[in-house]
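The residues making up each chain are set out below.
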Amino acid sequence: MTFRQLAYHNVFRNRRNYAAFFLASVFSVMVFFVCSMFIFHPLFEKDALQLLAIRGMMIAEVVLYIFTLFFYFIQ
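Conventions used here
Residues numbered from 1 in each chain as written. Predicted model: local features only at pLDDT ≥ 70, side-chain atom pairs only at ≥ 80, totals over all residues. Heavy atoms only, no water. Helix = DSSP H or I, 4+ residues; strand = E, 2+ residues; numbered from the N terminus. Rg over C-alpha atoms; globule rule 2.2 N^0.38 Å. Buried < 20%, exposed > 50% of the residue type's maximum accessible area, 1.4 Å probe, protein only. Areas by Shrake-Rupley, 256 points an atom, 1.4 Å probe, with all protein chains shown as cover. Phe/Tyr/Trp six-rings, centres within 6.5 Å; stacked < 30°, edge-to-face > 60°. Expected span 1.5 Å × (residues − 1). Polar contact = N/O pair within 3.5 Å; in protein donor to acceptor, adjacent residues only side chain to side chain. Contact = heavy atoms within 4.5 Å.

## With respect to the overall build of the protein
Here's step 1: Within the protein, the regular secondary structure consists of 3 helices and 0 strands.
Here's step 2: Reading the helices (α) and strands (β) of the protein from amino to carboxyl end gives α-α-α.
Here's step 3: Its C-alpha atoms give the protein a radius of gyration of 19 Å, clearly above 11 Å, the size a compact globule of 75 residues would have.
Here's step 4: When the backbone C-alpha atoms are referred to their principal axes, the protein occupies close to 65 × 20 × 15 Å.
Here's step 5: The buried share of the protein, taken over its 75 residues, is 13%.
Here's step 6: With an accessible surface of roughly 6,700 Å², the protein has 73% of that area assigned to carbon and sulfur atoms.

See the structure below:
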């Protein structure tokens, strides 16, 4: 059995785990970039409500980043 066949059989047998990991990764990256896009968009003025919204999104971005790192290293 070659390495390529071994890798293929391993992925094929564990396809549900790989699919869940892939979908969770895609979702976390998508949410991270959506938050980043809103935070750094030039149309966000520096009013009090916008500053509060930006701070909240930055906190959510940091929490998502930490969760994603934790998720990647545990898997």
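## Quick look at the packing of aromatic side chains
Here's step 1: For the structure shown, the criterion picks out 3 aromatic pairs.
Here's step 2: Measuring from centroid to centroid gives 5.6 Å for Phe32 and Phe33, while their planes differ by 80°, and the two rings are edge-to-face.
Here's step 3: Among the residues examined, Phe32 registers a relative accessible area of 25% and is labelled partly exposed.
Here's step 4: Phe33 sits in the exposed class, given a relative accessible area of 54%.
Here's step 5: Judged by centre distance (6.5 Å) and plane angle (40°), the rings of Phe32 and Tyr65 are tilted. Taken as a pair, Phe32 in helix 2 (residues 15-39) and Tyr65 in helix 3 (residues 48-74) lie far apart in primary sequence, 33 residues in all.
Here's step 6: For Tyr65, a relative accessible area of 47% gives the class partly exposed.
Here's step 7: Connected via pairs of aromatic rings, a cluster forms that spans Phe32, Phe33 and Tyr65.

## Comments concerning the environment of Asn17
Here's step 1: With respect to the secondary-structure elements, Asn17 resides in helix 2.
Here's step 2: It is 13 Å that separates the C-alpha atoms of Asn17 and Tyr72, two residues lying 55 residues apart in sequence.

## Details of helix 2
Here's step 1: Taking 1.5 Å per residue as the helical rise, helix 2 with its 25 residues ought to reach 36 Å, and the 36 Å between its terminal C-alpha atoms agrees with that figure.
Here's step 2: Within helix 2, the full set of buried residues consists of Ser25, Ser28, Cys35, Ser36 and Ile39.

## Remarks on the side chain of Ser28
Here's step 1: Positionally, Ser28 belongs in helix 2.
Here's step 2: Judged by its relative accessible area of 9%, Ser28 is buried.
Here's step 3: A distance of 3.0 Å separates a polar side-chain atom of Ser28 from the backbone oxygen of Ser25.
Here's step 4: The residues touching Ser28, leaving out its near neighbours within four places in the chain, are Leu64, Thr68 and Tyr72.

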